[in-house]
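Next come the chains, spelled out residue by residue.
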Amino acid sequence: MKQSILDKPHSGRGQNSVFDREFCVDGIEFELPGLREDPLGLPDLTEVEVVRHFTELTRESYGVDNGSYPLGSCTMKYNPKRNDKLAALPGFQRVHPGQPAETMRGIWRVMYELQLMLNEILGMDAFSLQPAAGANGELAGLFIKKYFDVKKEKDRKVILVADSAHGTNPASATMAGFDCRIISTNESGTMDLEDLRSNLRPDVAALMLTNPSTLGLFETNITEIAGLIHANGSLLYYDGANLNALMGIVRPGDMGFDVVHINTHKTLSTPHSGGGPGAGPVGVKKFLQAYLPGPVADYDGEDYFPSVDKEFSIGRMKSGFGHFDVLVKAYCYILTNGPDGLKECSENAVLNANYLQAGLRDIIPPVFDRLCMHECLLNGDLLRISAYSFAKRLIDYKVHPPTLVGAGCVYFSDDLGSAILIEPTETETKADLDRIVSVFKMVWDEVLHDAEFVNNAPYSREISKVPMASKEVI
Amino acid sequence: MAGSYNTHSEQTRSEMLGEIGVESIDHLFDDVPGEVRLDRTLDLPQAISEWELESILKSHSRCNQNVDDFSCLIGGGKYNHQVPAVVDAIVSRGEFLTSYTPYQPEMSQGILQALFEYQQLMSKVTGLPVVNSSSYDGATALVDAAWMACSIQGRKRILVSSAIWDEHREVLDTYLEPRGVKISMVGICNRTGGVDRNELEERLGKEEFAGFLFQSPNSLGIVEDVEKINRIIQKSDCLSVLSFTPLLSGLLKTPGEMGVDIVVGEGQPLGIHLNAGGSSLGILSTKDCYRRFVPGRIVGKVTDIKGNLAYSLVFEDREQQVARDKATSNICSNQAMNAIRACIFLGCYGEAGFAGLARLNYAKAHYLRDRLGTLKGLSFPFSGPFFNEFVVGLPKSAGDVLAYLTQQSIFGGLDCSQKFGLDHAILISVTENLSKSELDHFVTQLGEAIR
Ligand SMILES: Cc1ncc(COP(=O)(O)O)c(C=O)c1O
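Definitions and cut-offs
- Residues numbered from 1 in each chain as written.
- Chains lettered and ligands numbered in written order.
- Predicted model: local features only at pLDDT ≥ 70, side-chain atom pairs only at ≥ 80, totals over all residues.
- Heavy atoms only, no water.
- Domains from an automatic or database assignment.
- Contact = heavy atoms within 4.5 Å.
- Buried area = accessible area lost by both parts, 1.4 Å probe.
- Salt bridge = Lys/Arg side-chain N within 4 Å of Asp/Glu carboxyl O.
- Polar contact = N/O pair within 3.5 Å; in protein donor to acceptor, adjacent residues only side chain to side chain.
- Helix = DSSP H or I, 4+ residues; strand = E, 2+ residues; numbered from the N terminus.
- Nonpolar A, V, L, I, M, F, W, Y, C, P; charged D, E, K, R; others polar.
- Pairing = 2+ DSSP bridges.

**Some remarks on the domain arrangement of chain B**
Residues and elements named next belong to chain B. As assigned here, chain B comprises domain 1 (71-81 + 351-449) and domain 2 (85-346). Averaged C-alpha coordinates put domain 1 and domain 2 at centres separated by 28 Å. Each partner contributes to the interface: domain 1 provides 27 residues, whereas domain 2 provides 31 residues. With both chains or domains summed, domain 1 and domain 2 bury close to 2400 Å², and 70% of this area falls on carbon and sulfur atoms. Notably, a salt bridge pairs lysine 419 with aspartate 166, separated by 2.9 Å at the nearest N-O pair. Taken together, the connections running from domain 1 to domain 2 amount to six residue pairs in polar contact (both at pLDDT 80 or more). Mapped onto the side of domain 1 that touches domain 2, the elements with two or more residues apiece are α12 (336-372) and β11 (389-393). Among the elements that line the side of domain 1 that touches domain 2, the one with the most residues is α12, at seven residues. In terms of residue class, the side of domain 1 that touches domain 2 is made up of 16 nonpolar, seven polar and four charged.

And the structure:
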């Protein structure tokens, strides 16, 4: 643990580094209620001390720029530097959202074109770029409950979610004022249709589905599922966190989804930034367009401008228009790749995951013995030590641990307690993948020789292993 | 090979397919039913090179005016404060920028420490011990606080000052109506522009609310008397929820010291670019006793197997990945890098600089207010104290005045006509970024505009 910024010795300058020679602030009477007399307790450092402190901290961090990051469900692909550069153009970064509309047409143009491109990639009719992240997109999608209110179907109070669903799905359902019912997974890893049928009652507003699922498998029964949901008068919601498997191959809209969100910080390469900001555009079919959170970008053949359906829109999801600085990077990504490039991204994402699944199967066989999509779910039962401990040793070889129970962003039910979800992404070369496989094998060998040694890894970082579910020290 | 980021040659792809034991790429997708597969190429523009991309984006960006070329007197929750170069330099480092949420503490001590220090420094600014490591923005943080109040009090009814940003009010409606929370409003005192404290006292005496939500400076720029308002709130069984501009703590006692239970705010002024409105930062801070109601990530200290202290995400049983439908919120990805921006910002300015910044904003805004007082035809409808933003009444349509100013390369403020009984009026904000000559020029041009 490095010295805290608050424990650094005061530089002793204690000086106000802020001045304007034309404004003397000494002697001003501040006519405000509750003036402060005591110090706040902020640091007192020179600029170079601040720079060195944070530079030190970056050295104890690890990103895609540092090496392989096969964290399942997180799509840690390369984040193109050119996109960062272009998002920082003064005509984007230095624009105030309250400026007159005619002074920000370029903003609305980028947003409008991105909306259209997302429509095409996902097979939807309209998008709002407003949501701040995937979970916020889910919430926006579920607020479309207003659609049922308008139809006078207020009794639709339930959202169905798969037992393997990401935690945000049931949490979003609650936050939108619904109750949840859980649908189980069958032994081949897809949704149990019998269970779905028995839970599909008149009180169901929507089924939330991730496809490919968080188990890395395509829902082979998707058309049947869509038919059942629609016959019940319910909506089908697409959690687009795993879209990276499908671009240019199959579109959620064509599979029968009515509402979708995507995570630009997964599929569309915008940086994860240590947890965010990302962006979670929400898209719908025509009959739900008026309900989108607004304002959205519009175009009348001449000008680009913000618009909102005053009567039906569910309202605003946040202040401003969306995470424009993030969205512009997604826009750049789509333009750079073009239609064939995007399809090749998805093909290679799936190719890479299957290549790893095949390469690792001797030591960590797949949970479901079939081809996977963009990520593979492997069974760590044969590892002789816990998957958690095994993964920690990977760190010493500069491979970020994959997603595991208690360490990652997906949810595994009890019977998948030792499952390992690996998502290499398409930007890893074959050499990178071969290295990942050899690292896993090396650790496997190490376990055979000295399990205790591996159990206490990692050894190359500033701190030692942190046990699962460690108690906070107050 | 299409696109720029694909790594395999056709040759490599065949080798890999051979290892997998599949004949073609197409067979990898055998699970996708034929009838839904896309049988054409996506209808998108063809791939382009880096220089073509740059030329397109530059051309789009030039369709916008920006605050480097204009004098910006627009505020309304987002402000043209200086973003120190140090902030941009640090957050663009790939070790931070391209990392995921720090689920693996052994690999992420640096980013965890930066987030922990954000919590610590922000806690100094709010005056309350608990800070989450971010909500999406000032508006959603206010929703989070309202929901916390409802959960803490077991009561789905909140009272809200009518002088909060319109956008924040809209966002409250979007989120809280579907959850069955009833929102009631308290008006302002027409003389001062602050919360009508008599009405507040009356409402709190009659009905039970989970919390009273108010904003300072409020949407008319008035700095509320937080202590007096809290004394009224404390007479009832209702929580005090303040949405504030963090820069205020450069001058004033912290909200915590003044008795607020939950403090939220828009963190954009702290080293985050305007970005046409996003991304920004939601600040949320509260007392220890309410910690289990807090949404989102919290970084804390744990011990590694050698007994040494280490940073880690903690108290995750509140969060969606553990509690699922019982979670305090559905938030997952957040605004971590913008929180780190705020942390570096506070580190750069430090104790004296932060106070100096607040003083300079106050001084410049009051200078402008005094200069405008010499122009005939303007009025100043509210007598309450202000920080760096205030309302000016105009003798003619605000739309016309602002349009004239735009032609003079000035973003002259936000139109607030027809609100709170105002006729023609604008809300003007001043930051350290406006020089004396720009302020003087503004006075001249506004004089021209109302002639
Ligand atoms: C399947 C799935 N759904 C939803 C989310 C939530 O997205 P976000 O983190 O952008 O809110 C994630 C990401 O963690 C995910 O993997």
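**Section: the interface of chain B and chain A**
Each partner contributes residues to the interface: chain B has 169 residues there, and chain A has 192 residues. Across the contact surface, chain B and chain A share 14 salt bridges. Aspartate 20 of chain A is the salt-bridge partner of lysine 364 of chain B, the closest N and O atoms lying 2.5 Å from each other. It is α12 of chain B that provides the largest number of residues to the side of chain B that touches chain A, a total of 22 residues. Residues belonging to the side of chain B that touches chain A are distributed by class as follows: 78 nonpolar, 53 polar and 38 charged.

**Some words on the sheet that holds strand β11 (residues 403-404) of chain A**
Within a sheet, adjacent strands bond to each other through the backbone by hydrogen bonds, running parallel or antiparallel. Residue and element names in this part refer to chain A. Spatially, β10-β12-β11 is the arrangement adopted by the three strands of the open sheet, whose pairing is antiparallel. Two strands lie at the open edges of the sheet, namely β10 (376-379) and β11, each paired on one side alone. Pairing of β11 with strand β12 (residues 419-422) involves two bridges; the strand directions are antiparallel. The residue bridging leucine 404 from the neighbouring strand is isoleucine 420, located in β12.

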